[in-house]
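# Structural features, examined
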Amino acid sequence: MTPAPLVILDEVDSTLSEARRLAEAGEVGPKWIIARRQTAGRGRRGRSWVDKPGNLAATLLIRVHASPREAAQATFIAALAVADLLDVFVSPALVSIKWPNDVLLDGRKACGILVESGAHASGGLWLAVGIGVNLTHAPEGTEKASAAIAEKLREDLAFAPPVEAAAEILAETFAVWWGRWQTMGFEPVLDAWTSRLTGLNGPCTARLDNETIEGLAEGVEPDGALRLRLADGSVRLISAGDVFFGKAA
């Protein structure tokens, strides 16, 4: 896949919301919507996503002819693309992924990913792959400790990348993984994603919509669902939710 073109906006409420509006107006993409400033960024589970000047706020609008379940695999592609982006500017040894799609820098969250979709008027599904990356600033007062690229730059680099440069690299790394997914299926994507996972094979707490459960994380299923073995020996498959690895989460 050739990297999708970039549309850079000085300000927008949310790149994700803008992508939805474009899709509902009939656009199919692919195109990246980049904002130098968001006034109403959105995160998972209805949370706001706080941006500071210098950080990357991006959403890819693209149409796919796939089931919603297959289209949801875009979140794994996004996590790998962001991890590859971080690898360019920091030591790859510091970069990992926490299930399902938190990209970590030295154990702290450096990225937010949210994928939305809907039926497109001309057929197929529109996907809006929203990605926020902490380039220069890490948000404060968040539930999960956060980090920014600027804090962990390689010794040969003086500055974190500007928004435009980071967006171009993200478009390239995303295109690589999207192309592999289209030509080879989900397995190579899942293998690469799993190789970067941290926190498996240990204590885990999962906060779901209606309950909080604890157990031992025992790896992931072929579709990426987390296997959680409970105290009674049963196994729960977690497809979505907030997870915290380690004791006393």
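Higher on the page you've got the structure.
Just so you know, these numbers come straight off a predicted model, no measurement behind them. (Residues numbered from 1 in each chain as written. Predicted model: local features only at pLDDT ≥ 70, side-chain atom pairs only at ≥ 80, totals over all residues. Heavy atoms only, no water.)

Turning next to the overall build of the chain. A count of helical and extended segments in the chain gives five helices and 13 strands. Its C-alpha atoms give the chain a radius of gyration of 18 Å, near enough to 18 Å, the size a compact globule of 249 residues would have. Oriented by its inertia axes, the alpha-carbon framework of the chain measures out at about 50 × 45 × 35 Å. Put simply, the chain has 249 residues, and 51% of those count as buried. The contacts of the chain with a sequence gap of at least 6 include a subset with a gap of at least 24, amounting to 67%. Counting every atom, the chain has about 11,300 Å² of accessible surface; 51% of that belongs to carbon and sulfur. Averaged over its 25 positive side-chain charges, the chain has a centre that lies 3 Å from the centre of its 31 negative ones. (Helix = DSSP H or I, 4+ residues; strand = E, 2+ residues; numbered from the N terminus. Rg over C-alpha atoms; globule rule 2.2 N^0.38 Å. Buried < 20%, exposed > 50% of the residue type's maximum accessible area, 1.4 Å probe, protein only. Contact = heavy atoms within 4.5 Å. Areas by Shrake-Rupley, 256 points an atom, 1.4 Å probe, with all protein chains shown as cover. Lys, Arg positive; Asp, Glu negative; His and termini not counted. Charge placed at Lys NZ, Arg CZ, Asp CG, Glu CD.)

Side chains Leu226 and Leu228 project from strand β11 (residues 226-229) onto a buried face, and the interleaved Arg227 and Arg229 project onto a face without burial. Sheet topology note: the strand β10 (residues 212-220)/β11 ladder contains three bridges and is antiparallel. Pairing of Ala217 across the sheet is with Leu228, part of β11. In textbook terms, the turn of a hairpin is the stretch between consecutive antiparallel strands, and for β10 and β11 this stretch comprises five residues, one of which, Gly224, has a positive phi near 95°. Direction of pairing for β11 relative to strand β12 (residues 235-238): antiparallel, over a ladder of four bridges. Its bridge partner being in β12, Arg229 is matched across the sheet by Val235. Joining the antiparallel neighbours β11 and β12 is a turn of five residues, in which Gly233 adopts a positive phi near 95°. (Pairing = 2+ DSSP bridges.)

The subject of this paragraph is the side chain of His120. Counting through the fold element by element, His120 comes out in the loop between β7 (111-119) and β8 (125-133). Residue class for His120 comes out buried when judged on its relative accessible area of 7%. A distance of 3.4 Å separates a polar side-chain atom of His120 from the backbone oxygen of Gly26. Excluding anything up to four places from it in sequence, His120 contacts Ala23, Gly26, Glu27, Val28, Arg63, Leu125 and Trp126. (Polar contact = N/O pair within 3.5 Å; in protein donor to acceptor, adjacent residues only side chain to side chain.)

Moving on to unusual backbone geometry. The linkage connecting Gly29 with the following residue, Pro30, adopts the cis geometry, with an omega of 5°. Secondary-structure assignment places Pro30 in the loop between α1 (15-24) and β2 (31-35). One non-glycine residue, Asp106, lies in the positive phi region at around 55°. The residue Asn201 is not glycine, and still its phi comes out positive at about 60°. Tracing the backbone through its elements, the reader meets Asn201 in the loop between α5 (186-195) and β9 (203-207).

So, on to the packing of helix α3 (residues 74-89) against α5. Two numbers describe how α3 lies on α5: the axes approach to 10 Å, and their chain directions differ by 50°. As judged from the angle between their axes, α3 and α5 are oblique. By crossing handedness, the relation of α3 to α5 is classed as left-handed. Residues Phe76, Ile77, Ala79 and Leu80 of α3 touch α5, and the partners they reach there are Phe186, Val189, Ala192 and Trp193. Broken down by class, the residue content of the contact of α3 with α5 amounts to eight nonpolar, no polar and no charged. (Axes fitted to C-alpha atoms, helices over the stretch in contact; angles between N-to-C directions. Parallel < 35°, antiparallel > 145°, perpendicular 65-115°, else oblique. Left-handed = near helix turned anticlockwise from the far one by under 90°. Nonpolar A, V, L, I, M, F, W, Y, C, P; charged D, E, K, R; others polar.)

Moving on, we come to the sheet that holds β9. In space, the five strands of this open sheet follow the order β12-β11-β10-β9-β13, with antiparallel pairing throughout. Strands with a single pairing partner mark the edges of an open sheet, and in this sheet they are β12 and β13 (242-245). Across the sheet, the mean angle from the axis of one strand to that of its neighbour is 40°, orientation sign disregarded.

If you check which residues of α5 are buried, you get Phe186, Val189, Leu190, Ala192 and Trp193. Along the axis of α5, the buried positions cluster into a sector of 165°, meaning they face one direction only. Residues of α5 that are exposed and point over 90 degrees away from its buried face: Glu187 and Ser195. For α5, the elements touching its buried residues are α3, β4 (95-98), α4 (163-184) and β10. (Arc of directions from axis to C-beta.)

To continue, consider the sheet that holds β2. Pairing within the open sheet is mixed, and its five strands lie in the order β1-β2-β3-β8-β7. Strands at the two margins of the open sheet, each flanked by one partner only, are β1 (6-9) and β7. For this sheet, the mean angle separating the axes of adjacent strands, direction not counted, is 15°. Most of the contacts of α1 go to strand β3 (residues 56-64), to which it runs at about 25°, and overall it touches β1, β2, β3, β7 and β8. This element, α3, spans β7 and β8 of the sheet and lies at about 30° to β8.

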